Amino acid sequence: MTEAILLVGGKGTRLRPLTVHTPKPMLPAAGVPFLTHQLARARAAGVEHIVLATSYLAEVFEPHFGDGSALGLHLEYVTEEEPLGTGGAIRNVASRLRSGPDEPVLVFNGDILTGLDIGALVRTHETSGADVSLHLTRVTDPRAYGLVPTDGAGRVLAFLEKPQTPEEIVTDQINAGAYVFRRSVIDTIPAGRVVSVERETFPGLLAAGAHLQGMVDSTYWLDLGTPAAFVRGSADLVLGKAPSPAVPGRCGDRLVLPTARVAPDAKLAGGTVVGEGAFVAEGARVFGSTILPGAVIEPGAVVTDSLIGTRARVGERAVLSGAVIGDGAVIGAHNELREGVRVWCDATIPAGAVRFSSDQ
């Protein structure tokens, strides 16, 4: 296995305002762009050549990663003029692939944090003689996902839409967003139009009698599509719960990047990351949160399970829980922001303007 496609073209709308200025795969997780973790894991599994299928804010990827040599990779970039969906994006980069017709091509979604054994997926593909092999994972509540039942040998039987009733939940196995394609199968995907592998390519192949193989790997798996999930994924990387060779430091309760400053009596825990040039002032408490570069947490502020954008400021004794603060936003002193709140980039909330408790 020497070749892969990474799908990094999504707009990340569920993550806004974090993705207003930054595409989702470039958001910092555990101190580096999330994409770095995926590239490093692919390289560790023996992948050498990766084509990035880009679209939204495509211009930011190559200046950061260049030709990939710093990671021991050869990277190429293909930009969609219009979003083409997962299948369309795969087909759109086919001309950059070097594999022969029967050789395997690994495909990753750019927003999944996983402990998948990549080598095992490739071996499953080769030993089963499949046309496409899929990483499947088991979830406790599969209602939010498409289901992928398999037979006793792991051969995929169907692709089922999100179940609406208990009777429709025939398996707890879901598509986990990593695949191995036989190179020739990629060429059968229609070119130049929107194609979904989940809704069109895979069901179509199954109907045509193709061999689709599932491999269940229930190690760590997390879709980073929501702010809460992204914050959790970053914390899990720092804590060592999610594996990555790209974490810039030792795993532990906190990760403080080299130019960040943290007051001696500030408390950081729960996988908190303090980015380059950020400052956490005296008496502040930060748990399970990501503080992006240049942000400031003022004295006595309490920040839990939140993401504080680049150059944002959280005022003195403000209390944030489950909050997303956009780049350059200012949260005045003594505000209380709770689960689900999103403050847009460069917005300002005056001191004491939002509270859930008495002002006494």
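Residues numbered from 1 in each chain as written. Predicted model: local features only at pLDDT ≥ 70, side-chain atom pairs only at ≥ 80, totals over all residues. Heavy atoms only, no water.

### What to know about the pattern of salt bridges
The test is simple: Each reported salt bridge corresponds to a side-chain nitrogen of Lys or Arg within 4 Å of a carboxyl oxygen of Asp or Glu. Relative accessibility under 20% of the residue-type maximum defines a buried residue, over 50% an exposed one, and the middle range a partly exposed one, all with a 1.4 Å probe and only protein chains included.
All told, the structure shown has 12 salt bridges when counted by the stated rule. With a shortest N-O distance of 2.9 Å, Arg183 and Asp187 are connected by a salt bridge. Look at Arg183 and you get buried, because its relative accessible area is 11%. Assessed through its relative accessible area of 39%, Asp187 is described here as partly exposed. Bridged by salt links that share partners, the residues Glu76, Arg96 and Arg98 form one connected network.

### Describing the environment of Val185
Defined as follows: Helix and strand assignments come from DSSP, with helices taken as H or I runs of at least 4 residues and strands as E runs of at least 2, each series counted from the N terminus. Two residues qualify as a contact provided that any one of their heavy atoms is within 4.5 Å of a heavy atom in the partner residue.
Residue position: Val185 is located in helix α5 (residues 183–186). By relative accessible area, which is 7% here, Val185 ends up buried. Placed 54 residues apart in sequence, Val185 and Asp131 show a C-alpha to C-alpha distance of 6.9 Å. Excluding anything up to four places from it in sequence, Val185 contacts Asp131, Val132 and Leu205.

### Comments concerning empty space enclosed by the protein
Convention followed: A cavity, in this analysis, means grid points on a 1 Å lattice covering only the protein atoms where a 1.4 Å probe fits yet has no way out; a pocket is instead an open set bounded by protein on both sides within 12 Å along at least five of seven lines, and a residue lines either one if it has an atom within 4 Å of a point. Grid points are joined across faces, edges and corners, and a volume is the space filled by probe spheres set on the points. In this count, Pro and Cys sit with the nonpolar residues alongside Ala, Val, Leu, Ile, Met, Phe, Trp and Tyr, while Asp, Glu, Lys and Arg are called charged and the others, Gly among them, polar.
For the structure shown, the criterion picks out two cavities of 30 Å³ or more. In this structure, the largest cavity spans a volume of roughly 90 Å³. Lining the largest cavity are His37, Gln38, Arg41, Ala42, Phe108, Ile112, Leu113, Thr114 and Ile118. Considering every element that reaches the lining of the largest cavity, the biggest residue donor is helix α1 (residues 34–44), with four residues. For the lining of the largest cavity, a count of residues per class yields five nonpolar, three polar and one charged. At the level of secondary structure, the elements contributing two or more residues to the lining of the second largest cavity comprise β6 (104–109), β7 (112–114) and β9 (173–182). Looking at the lining of the second largest cavity, the element that brings in the most residues is β9, giving three residues.

### Digging into the domain arrangement of the chain
Using the following cut-off: Just so you know, the domain bounds were taken from an automatic or database domain assignment. Simply put, the buried area is the total loss of 1.4 Å probe accessible area from both parts when two parts are fitted together. For the purposes of these results, a polar contact is taken to be a pair of N or O atoms within 3.5 Å, where, inside protein, one atom must be able to donate a hydrogen and its partner to accept one; residues adjacent in sequence count only when each atom of the pair is a side-chain atom.
Segmenting the chain into domains produces domain 1 (2–223) and domain 2 (253–349). Taking only C-alpha atoms, the centre of domain 1 and the centre of domain 2 are 33 Å apart. On the domain 2 side, the residues contacting the 11 residues of domain 1 number 13 residues. Interface area for domain 1 against domain 2, summed over the two sides, is near 950 Å², with a carbon-plus-sulfur share of 69%. Linking domain 1 to domain 2 there are zero salt bridges. Applying the counting rule to domain 1 against domain 2 returns three residue pairs in polar contact (both at pLDDT 80 or more).

### So, the packing of aromatic side chains
Cut-off, in case you're wondering: Paired rings are identified among Phe, Tyr and Trp, the last through its six-membered ring, by centres lying within 6.5 Å, and are further divided according to the angle between planes into stacked (under 30 degrees), edge-to-face (over 60) and tilted (the rest). Note on criteria: charge over ring means Lys NZ or Arg CZ within 6 Å of the ring centre, with the direction from the centre no more than 35 degrees off the ring normal.
A complete count under the given rule lists five aromatic pairs for this structure. Their ring planes at 90° and their centres at 6.3 Å tell us that Tyr179 and Phe181 sit as a pair that is edge-to-face. Taken together, the aromatic side chains of Phe159, Tyr179, Phe181 and Phe202 make up a single cluster linked through ring pairs. For Arg261, the ring lying beneath its charged end belongs to Phe279, and the centroid distance is 4.3 Å.

### Description of the side chain of Ser55
Note that Ser55 resides in the loop between β4 (49–54) and α2 (61–65). The exposure class assigned to Ser55 is buried, which follows from its relative accessible area of 17%. What Ser55 contacts, discounting residues up to four positions off in sequence, is Gly9, Thr79, Glu80 and Pro83.

### Side note on helix α3 (residues 85–92)
Residues of α3 that are buried: Thr86, Gly87, Gly88, Ala89 and Ile90. Structurally, α3 contributes buried residues whose contacts are with β1 (3–7), β4, β6, β9, α5 and α6 (197–207).

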